[in-house]
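Survey of secondary and tertiary structure
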Amino acid sequence: MKQVLRLPKALLRRYRVARVVDGIDSKSDELATYEKSNMPQGMYKSTIDDVLESPGLAEKMRQSELRRLPKDGERIVLSWDLPPFMWEALLGSKTLSDMVTAYIGPDVRLDDVYLKTVLDGYDATSEGWHDDNVGYRVKVFMVFDTEGQPAGTYVQPTPRPHPYRVQLVDEIARIIKKPKMDHRPGELLMKYEAGDCLVFDTNIPHRGDFSSGKGVRYCVIAEFIDRNKSDALRGRAPCGPGQGKRKLTIPAGLSIDPASHQLIDQNLLSKANGAYQYGY
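Described below are features of the structure shown in this document. (Residues numbered from 1 in each chain as written. Predicted model: local features only at pLDDT ≥ 70, side-chain atom pairs only at ≥ 80, totals over all residues. Heavy atoms only, no water.)

For helix 5 (residues 84–92), the set of buried residues is F85, M86, W87, A89, L90 and L91. Each element contacted by the buried residues of helix 5 is listed here: helix 4 (57–62), helix 6 (94–104), strand 3 (108–119), strand 4 (138–149), strand 9 (214–226) and strand 10 (248–250). (Buried < 20%, exposed > 50% of the residue type's maximum accessible area, 1.4 Å probe, protein only. Helix = DSSP H or I, 4+ residues; strand = E, 2+ residues; numbered from the N terminus. Contact = heavy atoms within 4.5 Å.)

What follows is the structure, encoded as structure tokens:
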């Protein structure tokens, strides 16, 4: 009953966001060279080591503090504290930089990056078909380790231009906690092995498959979006560093200076105790 009562307000918020997204994404369709992004259908599958141009990176992630399980009966680990070597790889990859710049356009920025380890059986509305309600946004799933047969991701490859529109039936189903998990034309199930990297536009239809697998997916996720859109959606969608709620710490002593990096929004960057803080 509670979900039904909040339905009108939630849908109204979706449609208000859609107006903002449409204006900015239409400019992205004009300025982005997405045909050069290596994501012709809004997605690209490779390995962490190749996308981040860092041989041995996935193994280094496996051997680091990033590989940890949830505690106290939880089924998910979320953390925005990443080691320096992870920042070095993210900011040092020309392959990744070229891909997201071509796909999003010249105002692209690194919008968020975090650890997300998921045990199958995790109850989430993301198991139903959805887009992320923010238009064009590139997510980089870096699955650095697995146990058993972890959940994959269903996607429906979709070429640009692909303007964001509220998918009313799917959104209602998610809001009332009855997500749609049907099979759809053209869907692909992207399964993960240790070291895999899935890069995809969260504006294309996708869903998690958390209830089918029996395993663990250790993953770091980076998100890239048009900085003007992320700023405009602040407080109305989970955009911005730390999902708009916290600042990220970029460690001191990196060989790459965040203050001069094209994917770092300088308006969100400040220095504190020798390190950088990145966020609102």
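Don't stop here, the text continues.
Relative to the helices and strands, R14 resides in helix 2 (residues 7–31). Its relative accessible area of 17% is what places R14 among the buried residues. Here the side chain of R14 touches E171 through a polar contact of 2.6 Å, side chain to side chain. If near-sequence neighbours (up to four positions away) are discounted, R14 is found in contact with N133, Y164, V166, E171 and I175. (Polar contact = N/O pair within 3.5 Å; in protein donor to acceptor, adjacent residues only side chain to side chain.)

Viewed as axis vectors pointing N to C, helix 2 and helix 7 (residues 168–175) meet at an angle of 135°, and their least axial separation amounts to 11 Å. It follows from the interaxial angle that helix 2 and helix 7 lie oblique. When the axes of helix 2 and helix 7 are compared, the crossing they make is right-handed. From helix 2, L7, A10, L11, R14 and Y15 reach across to helix 7, where they touch L168, E171, I172 and I175. Residue classes in the contact of helix 2 with helix 7 are distributed as seven nonpolar, no polar and two charged. (Axes fitted to C-alpha atoms, helices over the stretch in contact; angles between N-to-C directions. Parallel < 35°, antiparallel > 145°, perpendicular 65-115°, else oblique. Left-handed = near helix turned anticlockwise from the far one by under 90°. Nonpolar A, V, L, I, M, F, W, Y, C, P; charged D, E, K, R; others polar.)

This part covers the environment of T146. Note on placement: T146 falls in strand 4. In the structure, T146 is positioned 70 residues away from I76 in sequence and 14 Å away in space, judged by C-alpha atoms. Apart from residues lying up to four places away in sequence, T146 is in contact with Y192, E193, A194, V216 and Y218.

Buried within helix 6 are the following residues: L96, S97, M99, V100, A102, Y103 and I104. You can read the cap of helix 6 off the contacts: a side-chain oxygen lies 3.5 Å from the backbone nitrogen of T95, and it is on S93. Within two residues after helix 6, G105 carries a phi angle of roughly 120°, on the positive side.

The next point concerns the sheet that holds strand 11 (residues 269–272). The antiparallel open sheet is built from three strands, whose spatial order is 10-12-11. Looking at which strands have only one partner, the edges of the open sheet turn out to be strand 10 and strand 11. Each strand axis lies, on average, 35° off the axis of its neighbour in the sheet, ignoring direction. Here four bridges tie strand 11 to strand 12 (residues 275–278), and the two strands are oriented antiparallel to one another. In the strand pairing of strand 12, L269 is matched with Y278. (Pairing = 2+ DSSP bridges.)

Ranked by internal contacts, the top residues of the largest apolar core, which has 62 residues, are M142 and F224. Here this core takes seven residues from strand 9, the largest share from any one element. Residues in contact with F224, not counting those within four places in the same chain, are L96, V100, I104, V108, R109, L110, D111, R137, V138, V140 and L263. Formed by 10 residues, the second largest nonpolar core is a distinct cluster that contains V17, A18, V166 and I225. (Core = buried A, V, L, I, M, F, W, Y, C linked by side-chain atoms within 4.5 Å.)

In this section: the packing of aromatic side chains. All chains considered together, the criterion is met by five aromatic pairs. Residues W129 and Y154 carry aromatic rings whose centres are separated by 6.4 Å and whose planes lie at 55° to one another, so their mutual orientation is tilted. Linking W129 in the loop between strand 3 and strand 4 with Y154 in strand 5 (residues 153–155), this pair joins segments that are 25 residues apart in sequence. With a relative accessible area of 0%, W129 lands in the buried category. Here F141 and F200 contribute two aromatic rings whose centre-to-centre distance is 5.6 Å and whose plane-to-plane angle is 35°, an arrangement assigned as tilted. One end of the pair, F141, is in strand 4; the other, F200, is in strand 7 (residues 196–201), and 59 residues separate them in sequence. Comparing F141 with F200 shows no difference in burial state: the two are buried. The ring centre of Y103 lies 4.8 Å from the NZ or CZ of R160, which sits over that ring. (Phe/Tyr/Trp six-rings, centres within 6.5 Å; stacked < 30°, edge-to-face > 60°. Lys NZ or Arg CZ within 6 Å of the ring centre and 35° of its normal.)

Glancing now at the sheet that holds strand 9. Pairing is antiparallel across the open sheet formed by six strands, whose spatial order is 1-7-4-9-3-2. A strand with exactly one partner marks an edge of an open sheet, and here the two such strands are strand 1 (43–47) and strand 2 (76–79). On average, each strand axis in the sheet is tilted by 20° relative to the strand beside it, whichever way the strands run.

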